[in-house]
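Per-entry structural report
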Amino acid sequence: MTAAPTPSGRERAQLPVRTVKVPGGGWWLLLAAVSLAVLSPLLLLAYQSLLSNPFFAPVKTAGLQAYQQVLTDAAFWRAFGNSAVLAAAMIFIAVPLGALLAFLVTKTDLPMGRAFEVLLLTPIFVSPIVLGVGFIVALGPSGFLSAWYMQTFGVTGVPWTIYTLPAIALIAGLTHVPYVYLYVSTTMKNLDASLEEAARLSGANVWTVMMRVTLPLVRPALVYSAMLMLLLGFEIFGLPLVLGDARGVDVITTYLYRLTAITGVPAYGPMAVVAVTLILLALIIVFMQRSLSRTRGSYASLGSKGYRSERLRLGAWRWPLTVLTVLYLLFAVVVPMSGVLLRSLVSSWGPGVNLLHALSLQNYLSVFHTPDLSRAILNTVVLACVGGALAVAVYLLVALAIQRAPRGVSRTLDYVAGLPRAVPGLIMGLAMLWLFLFVPFLKPMRPTLLSIAIAYTVVWMPYGVRLLNATLSQVSRDLEEAARIGGANATQAFLRATLPVLRPGLVAAWLLIFMQFVREYSTGVYLLTPGTEVLGAQIVQLWGTGAVDAIAALSSVQILIIVVVYALATRIGVRPG
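Residues numbered from 1 in each chain as written. Predicted model: local features only at pLDDT ≥ 70, side-chain atom pairs only at ≥ 80, totals over all residues. Heavy atoms only, no water.

Naming follows an unreviewed UniProt entry, where the protein appears as Iron ABC transporter permease of Deinococcus sonorensis KR-87. Turning to the protein, the UniProt annotation filed under Sequence similarities (unreviewed entry) states: "Belongs to the binding-protein-dependent transport system permease family." (UniProt positions renumbered as here; feature names shortened; annotations may be inferred.)

Below you can see the structure in the form of structure tokens.
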């Protein structure tokens with residue numbers, strides 16, 4: 001889950017406020033509905049964490065027994081420490097490398113810059129659990145690159161392992177570089193290029209310009225990215241679940257996932273405590289992120305629209321840096337994705353197996369002939385198409401309210417809609433499960449795709465609302481005011497004047513939400529039922545059974561869907577930021 005600083009902060013507060021009155025207290029009803037959807041599952045978690053028994057049990061007492069149980073568990077602190085290591089590694093690997101790549105692609109004459117601009121964003125749309133499976137297939141003890149190394153050098157082992165904490169931290173850091181690249185490159189494109197031009201004319205070389213002009217100007221984006229990596233480091237689930245399984249390396253999210261297995265019974269209290277701890281930690285990080293972004297905002301230098309300086313010349317560094325970028329893409333994108341694809345196309349795998357002789361479509365045939373697996377593909381497409389469209393409609397309403405409701409409603413809604421950013425998808429899925437199970441009027445939704453669609457809509461609300469906020473900000477209100485002068489009411493003016501102009505932005509938002517709904521895996525883990533299987537959560541469940549053939553085939557199908565939609569989105573100029 002990612003989101004950049006919302007544009008609805010201090011800048012919007014300085015603009016003339018033009019609110020729109022909605023009859024029947026519509027803005028207030030919308031605020032109440034969004035608050036109920038976002039806050040009720042979190043409050044249920046907090047309530048459960050203070051009870052001695054499950055909240056639905058007839059006998060229960062209030063107390064801190066669950067906190068005592070978790071906070072005195074050595075495994076919890078071990079997992080917490082591992083999460084801290086991952087978060088630190090992601091900051092120290094992803095931020096410098098992402099900033100360097102952003103500078104090279106946006107400011108220099110790096111060859112193939114347009115292609116790199118698209119390819120560097122690819123990992124954002126690939127599920128981390130799929131990347132984890134791909135790394136195992138490529139670099140694990142029986143991986144195809146490991147086999148090639150042993151055959152080439154005549155040895156019986158490889159000098160690396162991907163199952164230790166340092167290896168997982170390295171992979172997590174490298175696979176999160178695109179997030180930093182996205183935010184930093186977006187800021188760099190908006191910089192006042194005249195400052196870099198002045199430095200260049202004064203004799204500064206490309207590295208001096210980068211270190212003394214460009215990077216100081218994008219310091220707010222770097223700080224934001226570092227805090228984002230810290231947040232994602234504690235929320236990361238898929239990679240440590242897959243890579244840490246072999247040697248029992250748990251992080252705080254996988255500790256939560258395995259908690260029932262550890263205790264042997266449904267551990268409602270301890271699970272709620274871990275969830276509350278993660279939410280509080282994430283809220284602190286988000287608060288720090290917002291504070292630092294505001295504090296560092298004065299360093300940014302935006303403006304001079306239309307001024308474009310020549311791209312900085314890399315000179316002798318041009319091709320070595322191109323090779324470095326290609327190597328990064330090979331490791332972070334090509335190796336894991338080709339590994340998954342290769343594994344899905346062979347009937348057997350391991351030392352001594354001739355992969356050319358084992359080529360087969362049997363894994364795909366098995367998937368399409370197994371009801372729950374084929375249903376997972378169909379459900380995912382339906383959920384992404386229909387659920388994504390409904391989610392965009394909800395996000396548009398929320399974005400409209402943030403921009404046009406009275407200030408009290410607008411500011412409250414802005415904060416509430418951004419709150420899911422601080423809640424890992426795994427935890428939101430758990431909280432939603434409890435709501436659907438034990439709130440009477442929600443029970444009928446539990447065995448339907450609607451339950452997963454609601455959970456996804458809530459989890460991705462900060463991202464979707466930010467997309468629609470940006471789209472709405474680009475449309476002048478003069479069109480609607482002209483319609484109002486012509487006799488239309490507020491709703492008619494919006495539908496007739498603004499909505500047609502918004503259509504390209506809405507299509508772009510739907511495509512981006514579509515891809516996020518396809519790749520999402522952690523939110524659906526607890527919500528899966530017979531009949532509501534979806535790809536990401538189904539892969540997580542299959543991982544526990546060791547069904548690697550089916551996992552590889554399903555992962556390849558997921559990648560194929562995302563690649564097709566990503567290519568379409570890129571062709572019409574959509575960027576994921």
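1. Some words on the overall build of the protein
A tally of helices and strands in the protein yields 27 helices and 0 strands. Whereas a compact globule of 577 residues would reach a radius of gyration of roughly 25 Å, the protein reaches 25 Å, a difference of no more than 12%. Overall, the protein is about 75 × 75 × 45 Å in size when its C-alpha atoms are taken along their principal axes. Within the protein, the proportion of its 577 residues that are buried is 54%. A separation threshold of at least 6 residues defines the contact pool for the protein, and within that pool the share at least 24 residues apart is 78%. Total accessible area computed for the protein in this model is approximately 24,900 Å², and 67% of it derives from carbon and sulfur atoms. (Helix = DSSP H or I, 4+ residues; strand = E, 2+ residues; numbered from the N terminus. Rg over C-alpha atoms; globule rule 2.2 N^0.38 Å. Buried < 20%, exposed > 50% of the residue type's maximum accessible area, 1.4 Å probe, protein only. Contact = heavy atoms within 4.5 Å. Areas by Shrake-Rupley, 256 points an atom, 1.4 Å probe, with all protein chains shown as cover.)

2. With respect to the packing of aromatic side chains
Overall, the coordinates contain 22 aromatic pairs when judged by the stated rule. Ring geometry for phenylalanine 56 and phenylalanine 438: centres 4.1 Å apart, planes at 15 degrees, overall stacked. Taken together, the positions of phenylalanine 56 in the loop between α2 (26-49) and α3 (65-71) and phenylalanine 438 in helix α21 (residues 425-438) put the pair 382 residues apart, joining distant regions of the chain. The class of phenylalanine 56 is partly exposed, set by a relative accessible area of 38%. Pairing tyrosine 268 with tryptophan 434 gives two aromatic rings, centres 5.2 Å apart and planes at 40 degrees, and the pair type is tilted. Linking tyrosine 268 in helix α16 (residues 268-296) with tryptophan 434 in helix α21, this pair joins segments that are 166 residues apart in sequence. Assigned by exposure class, tyrosine 268 and tryptophan 434 land together as buried. Three or more aromatic residues joined by ring pairs make a cluster, and in this case those are Phe55, Phe56, Tyr268, Trp434 and Phe438. (Phe/Tyr/Trp six-rings, centres within 6.5 Å; stacked < 30°, edge-to-face > 60°.)

3. Here we look at the packing of helix α25 (residues 490-519) against helix α27 (residues 548-571)
As a packed pair, α25 and α27 sit with axes 10 Å apart at the nearest point and diverge in direction by 170 degrees. Regarding the angle of α25 to α27, the classification is roughly antiparallel. Seen from above, α25 lies across α27 with left-handed handedness. Contacts between α25 and α27 involve Leu511, Phe514, Met515, Val518 and Arg519 from the first element and Gln558, Ile561, Ile562, Val565, Tyr566, Leu568 and Ala569 from the second. Residue composition of the contact of α25 with α27, grouped by class: 10 nonpolar, 1 polar and 1 charged. (Axes fitted to C-alpha atoms, helices over the stretch in contact; angles between N-to-C directions. Parallel < 35°, antiparallel > 145°, perpendicular 65-115°, else oblique. Left-handed = near helix turned anticlockwise from the far one by under 90°. Nonpolar A, V, L, I, M, F, W, Y, C, P; charged D, E, K, R; others polar.)

4. Regarding the nonpolar core
Grouped together as the largest cluster of nonpolar side chains are 194 residues, with contacts concentrated most on Leu45, Met229, Trp434 and Leu468. In terms of residue count, helix α4 (residues 74-107) provides more of this core than any other element does, 14 residues in total. With near-sequence residues (within four places) excluded, leucine 468 lies in contact with Val392, Tyr395, Leu396, Ala399, Leu506 and Ala509. (Core = buried A, V, L, I, M, F, W, Y, C linked by side-chain atoms within 4.5 Å.)

5. Quick notes on the pattern of salt bridges
Pairs may arise between side chains of opposite charge once their charged atoms sit close together. Within the structure shown, the criterion is met by 8 salt bridges. Salt-bridge contacts for aspartate 245 lead to arginine 258; the nearest nitrogen and oxygen are separated by 3.7 Å. Pair noted here: aspartate 245 is in the loop between α13 (238-243) and α14 (252-257) and arginine 258 is in the loop between α14 and α15 (259-263), with a separation of 13 residues, a long-range link. Accessibility expressed as a relative area gives 36% for aspartate 245, which makes it partly exposed. Salt-bridge contacts for aspartate 549 lead to arginine 343; the nearest nitrogen and oxygen are separated by 2.7 Å. Note that aspartate 549 is positioned in helix α27 and arginine 343 in helix α17 (residues 318-344), a separation of 206 residues in sequence. Assessed through its relative accessible area of 30%, aspartate 549 is described here as partly exposed. One network of salt bridges, in which partners are shared, links Asp245, Asp250 and Arg258. (Salt bridge = Lys/Arg side-chain N within 4 Å of Asp/Glu carboxyl O.)

6. Points about the side chain of histidine 176
Of note, histidine 176 is situated in the loop between α8 (165-175) and α9 (177-189). We classify histidine 176 as buried; its relative accessible area is 8%. Sequence-distant contacts of histidine 176, that is, excluding residues within four places in its chain, are made with Met90, Ala94, Met229, Leu232 and Ile236.

7. Concerning a nonpolar patch on the surface
On the surface, a nonpolar cluster with roughly 490 Å² of combined accessible area is contributed by Met112, Val323, Val326, Leu327, Leu330 and Val334. Relative to the elements of secondary structure, methionine 112 occurs in the loop between α4 and α5 (113-119). (Patch = residues over 30% accessible without salt bridge, like charges linked within 9 Å, V, L, I, M, F, W, Y side chains within 5 Å.)

8. What about α4?
With 34 residues, α4 should cover 50 Å at 1.5 Å per step; its first-to-last C-alpha distance of 49 Å lies within 8% of that length. The backbone nitrogen of alanine 75 has a side-chain oxygen 3.0 Å away, supplied by the residue at the start of α4, namely aspartate 73. (Expected span 1.5 Å × (residues − 1). Polar contact = N/O pair within 3.5 Å; in protein donor to acceptor, adjacent residues only side chain to side chain.)

9. Describing the confidence of the model for the protein
In this model, the protein carries an average pLDDT of 85, and 91% of its residues clear a pLDDT of 70 or more. pLDDT under 50 marks residues 1-17. Its contacts with residues more than four places away, or in other chains, come to 38 contacts. Overall, residues 298-306 carries pLDDT values under 50, and its contacts beyond four positions in sequence, including any with other chains, amount to 18 contacts. (pLDDT = per-residue confidence, 0-100.)

10. Brief notes about the side chain of threonine 106
With respect to the element layout, threonine 106 can be found in helix α4. Here the side chain of threonine 106 touches alanine 102 through a polar contact of 2.6 Å, landing on its backbone oxygen. Those residues in contact with threonine 106 that sit more than four places away from it in its chain are Ser185, Met188, Lys189 and Arg311.

11. Examining the packing of helix α18 (residues 362-369) against α27
Here α18 crosses α27 at 85 degrees, and the two axes come no closer than 9 Å. Here α27 runs roughly perpendicular to α18, going by the angle between their axes. Across from Asn363, Tyr364 and Val367 in α18, the residues of α27 making contact are Asp549, Ala550, Ala553, Leu554, Ser556 and Val557. Its residues placed into classes, the contact of α18 with α27 shows 6 nonpolar, 2 polar and 1 charged.

12. Structural notes on the environment of asparagine 363
Along the chain, asparagine 363 turns up in helix α18. Taking the C-alpha atoms as reference points, asparagine 363 and leucine 145, separated by 218 residues in sequence, lie 22 Å from one another. Dropping the residues within four chain positions of it, asparagine 363 is found in contact with Arg343, Ser344, Leu345, Val346, Asp549 and Ala553. Looking at asparagine 363, its side chain comes within polar contact range of the main-chain oxygen of arginine 343, at 3.5 Å. Reaching out from asparagine 363, the side chain makes a polar contact with the backbone oxygen of serine 344 at a distance of 3.1 Å.

13. What to know about α2
With 24 residues, α2 ought to run about 34 Å at 1.5 Å a step, and its terminal C-alpha atoms sit 35 Å apart, in line with that. Of all the positions in α2, only Trp27, Leu30, Leu31, Val34, Ser35, Val38, Pro41, Leu42, Leu44, Leu45, Gln48 and Ser49 are classed as buried.

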